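# Breakdown of the fold
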Amino acid sequence: MHYPVKSLRLACVYGLSLLIIFIVPLLLWQNTPAKAIPQVDWLDIAAEGALFVLGMCWLMVIVSARPLGRVTNLLVVGLASYCLGCYLDLLDEIFIVKTLPVYNWFEKMPTPIGLLILTCGLWLWRDEQAVVNRQLQTREQFYRQHHLTDGLTLLNDAKAFEHHLLKQLAQQQPFGLIMLDIDYFHQYNQLQGAKEGDKLLSDVAQWLSTQLRSQDLVCRYAGDRFIILLNGAIAPWVSTMAEQLKYGITALGCEVSVVWALPSPKMVVDKLSSEPTKRPLKDEAQALLKLLNEKMSQQKLNRQPLNPQTTTVSAFHEPR
Ligand SMILES: Nc1nc2c(ncn2[C@@H]2O[C@H](COP(=O)(O)OP(=O)(O)OP(=O)(O)O)[C@@H](O)[C@H]2O)c(=O)[nH]1
């Protein structure tokens, strides 16, 4: 929603910068002589040029990364003014501007004014961040208090997943589910010890998190079982993703069984009732989870039986 506004702001910043970069030297060129080459201090030019370029980079980062608002405006105005000061300083190294009294005054002002405005912006940014941190803490506390976060992997747990699944079903947007279960994890615990088992679970959780887009969700569903909700997913993509995760995860030194499902696009809200009832959504969620769990059990049954003599060699290997 903010993209057009952001692009407009970026265009304004670029436009204004280009205007300053071209117009000011042009004006100076007409009114003041340029310095002779031996008079030019190249080190000063390099240092002041670098300050100007860095200031412009910060400006672009602020404009592109920050949401609209008072703090952003202060940061942008402060930085723009600072950049202007640096730029005028730079021109000072090329033109003999001492003959222009107005320029002398004009050159000195933008940097301190810019830094003052920037300081105000940073101060308010600090306050804003404190509010954001408080909100995040409250949310985290909520999750912890309601036992929605798994203590080992720090992922959402099954209860939280069901909550997200219900929300997703209520939105009636397409999505896909992938379930992964580590193979022979019981043996892994026995062979390597519970501590190594915990580490493997954390590694898998972390790795899965890095493979997903920000709109997707991975949760620890049970002991060695993870579940993923892919937003706006279509069948070929979900199956490809499931395959990629299955083979990618072997780099961590274990193998997983993977199953996936796409909910049918039918309306899950009871049409006979005037207001949406919770029951059908809950039923739908339970049915989906049951389907995945059944598919998983079936896949585990279809596996090659584990040869007890080769357990240590074949089921687990060194992480790559
Ligand atoms: N280290 C560790 N082990 C856990 C944790 N939670 C569950 N487990 C163990 O995970 C094992 C899961 O065993 P199973 O459900 O038989 O799974 P499996 O051995 O992978 O067997 P298959 O799924 O059929 O391949 C059990 O031995 C649990 O004790 C945990 O938080 N840490």
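Fair warning: this is a prediction, and the values are worked out from it, not measured in the lab.

## Brief notes about the overall build of the protein
Scanning the protein for helices and strands turns up 11 helices and 5 strands. Looking at the protein as a whole, 38% of its 320 residues are labelled buried. For the protein, contacts bridging at least 24 residues in sequence account for 74% of all contacts bridging at least 6. Accessible area of the protein: about 19400 Å², with a carbon and sulfur share of 64%.

## So, the environment of Leu 200
Here Leu 200 shows up in helix H8 (residues 194-211). For Leu 200, a relative accessible area of 4% translates into the label buried. In this structure, the C-alpha to C-alpha distance between Leu 200 and Asn 189, residues 11 residues apart in sequence, is 9.7 Å.

## Looking at unusual backbone geometry
Positive phi outside glycine occurs at Leu 154, with the angle close to 65°. Mapped onto the elements, Leu 154 comes out in the loop between helix H5 (110-145) and strand S1 (156-157). At Tyr 184, a position not held by glycine, the phi torsion is positive, near 55°. As for its placement among the helices and strands, Tyr 184 is situated in the loop between strand S2 (175-182) and helix H7 (185-192). Given the relative accessible area of 19%, Tyr 184 is considered buried.

## Observations concerning the sheet that holds S1
As summarised here, the arrangement of the 5 strands in space is S1-S3-S4-S2-S5, forming an open sheet in which the pairing is mixed. Edge positions in the sheet fall to S1 and strand S5 (256-261), since each of these pairs with one other strand and no more. Note that S1 and strand S3 (residues 217-222) share 2 bridges and pair parallel. Bridge pairing in S3 links Asn 156 to Cys 219. Sitting on the sheet, helix H9 (residues 235-248) touches S2, strand S4 (225-231) and S5, and the angle it makes with S5 is about 170°.

## A look at the pattern of salt bridges
For the coordinates displayed, the defined rule picks out 9 salt bridges. Linking Asp 181 and Arg 225 is a salt bridge whose minimum nitrogen-to-oxygen distance equals 2.6 Å. A residue pair is termed long-range when its members are at least 10 positions apart, and Asp 181 in strand S2 and Arg 225 in strand S4 qualify at 44 residues. You'll find Asp 181 and Arg 225 in the same group, each marked buried. For Lys 300, the salt bridge goes to Asp 183, with nearest N and O atoms at 2.8 Å. Taken together, the residues Lys 300 in helix H10 (residues 278-301) and Asp 183 in the loop between S2 and H7 connect sequence positions 117 residues apart. Classification of Asp 183 as buried rests on a relative accessible area of 9%. Within this structure, Asp 181, Asp 183, Arg 225 and Lys 300 form a network of salt bridges that share partners.

## Observations concerning the site of the ligand
In the vicinity of the ligand lie 18 residues, with Tyr 184, Phe 185, His 186, Asp 198 and Arg 303 positioned nearest. A distance of 2.9 Å separates an oxygen atom of the ligand from a polar backbone atom of Ile 182. Interatomic distance of 2.9 Å between a side-chain N/O atom of Asp 224 and an oxygen atom of the ligand. Protein burial of the ligand: of its 660 Å² of free accessible surface, 63% is covered by the chains.

## Some thoughts on the packing of H7 against H8
As a packed pair, H7 and H8 sit with axes 6 Å apart at the nearest point and diverge in direction by 130°. Comparing their axes, H8 and H7 come out oblique. Every residue of H8 that contacts H7 at Phe 185, Tyr 188, Asn 189 and Gln 192 is listed here: Ala 194, Glu 196, Gly 197, Leu 200 and Leu 201. Partitioned by chemical class, the residues of the contact of H7 with H8 number 5 nonpolar, 3 polar and 1 charged.

## Considering the packing of aromatic side chains
Following the criterion strictly, the structure yields 2 aromatic pairs and no others. Consider the rings of Phe 185 and Tyr 188, whose centres lie 6.1 Å apart with planes at 10°: the pair is stacked. In this pair, Phe 185 and Tyr 188 both sit in helix H7, 3 residues apart, roughly one turn of the helix. Above the face of the Trp 123 ring, Arg 126 is positioned so that its terminal group lies 4.3 Å from the ring centre.

## Overview of the packing of H8 against H9
Describing two packed helices takes the angle between their axes plus the distance from one axis to the other. Taken N-terminus to C-terminus, the directions of H8 and H9 make an angle of 140°; their axes are 11 Å apart at the nearest point. Here H8 is positioned oblique relative to H9, judged by the angle of their axes. Viewed along their axes, H8 and H9 form a crossing whose handedness is right-handed. Within the contact between the two elements, H8 uses Trp 207, Leu 208 and Gln 211 and H9 uses Met 241, Gln 244, Leu 245 and Gly 248. Here the residues of the contact of H8 with H9 are counted per class, giving 4 nonpolar, 3 polar and no charged.

What counts and how
- Think of each chain on its own: its residues are numbered from 1, step by step along the sequence as written.
- This being a predicted model, a pLDDT of at least 70 is required before a residue's local features are given, and a value of 80 or more before pairs of side-chain atoms are given or counted; all residues contribute to the totals for chains, interfaces and linings.
- With hydrogens and water stripped out, all remaining heavy atoms of the structure feed into the side-chain values.
- Helix and strand labels come from DSSP, where a helix needs a run of H or I of at least four residues and a strand needs a run of E of at least two; each type is numbered from the N terminus.
- Accessibility here uses a 1.4 Å probe with only protein chains present; expressed as a share of the type maximum, an area under 20% marks a residue as buried, one over 50% as exposed, and anything in between as partly exposed.
- The contact rule is simple, with two residues in contact once any of their heavy atoms fall within 4.5 Å.
- To measure how exposed things are, a 1.4 Å probe is used in the Shrake-Rupley method; for residues, cover is taken only from the protein chains shown.
- Only strands that DSSP links by at least two bridges are regarded as paired with each other.
- Axes, fitted as lines to C-alpha atoms, cover a helix only where it is in contact. Angles between the N-to-C directions of the axes lie from 0 to 180 degrees.
- Here, a salt bridge means any side-chain nitrogen of Lys or Arg that lies within 4 Å of a carboxyl oxygen of Asp or Glu.
- For this description, a residue counts as near a given molecule or strand if any of its non-hydrogen atoms is within 4 Å of it.
- Whenever two N or O atoms come within 3.5 Å, that pair is a polar contact, provided that in protein one can donate a hydrogen and the other can accept it, and provided that, for residues adjacent in sequence, both atoms are side-chain atoms.
- Should an angle fall under 35 degrees it is called roughly parallel, over 145 degrees roughly antiparallel, and 65 to 115 degrees roughly perpendicular, with every other angle called oblique.
- Each residue receives one of three labels: charged for Asp, Glu, Lys and Arg, nonpolar for Ala, Val, Leu, Ile, Met, Phe, Trp, Tyr, Cys and Pro, and polar for the others, Gly being one of them.
- What counts as a ring pair is set by centres within 6.5 Å for rings of Phe, Tyr and Trp (its six-membered ring), and what kind of pair is set by the plane angle: stacked under 30 degrees, edge-to-face over 60, tilted for all other angles.
- The rule for a charge over a ring is simple: NZ of Lys or CZ of Arg within 6 Å of the ring centre, and within 35 degrees of the ring normal.
- Left-handed is the label given to a crossing in which the near helix is rotated counterclockwise from the far helix by less than a right angle, and right-handed is the label when the rotation is clockwise.

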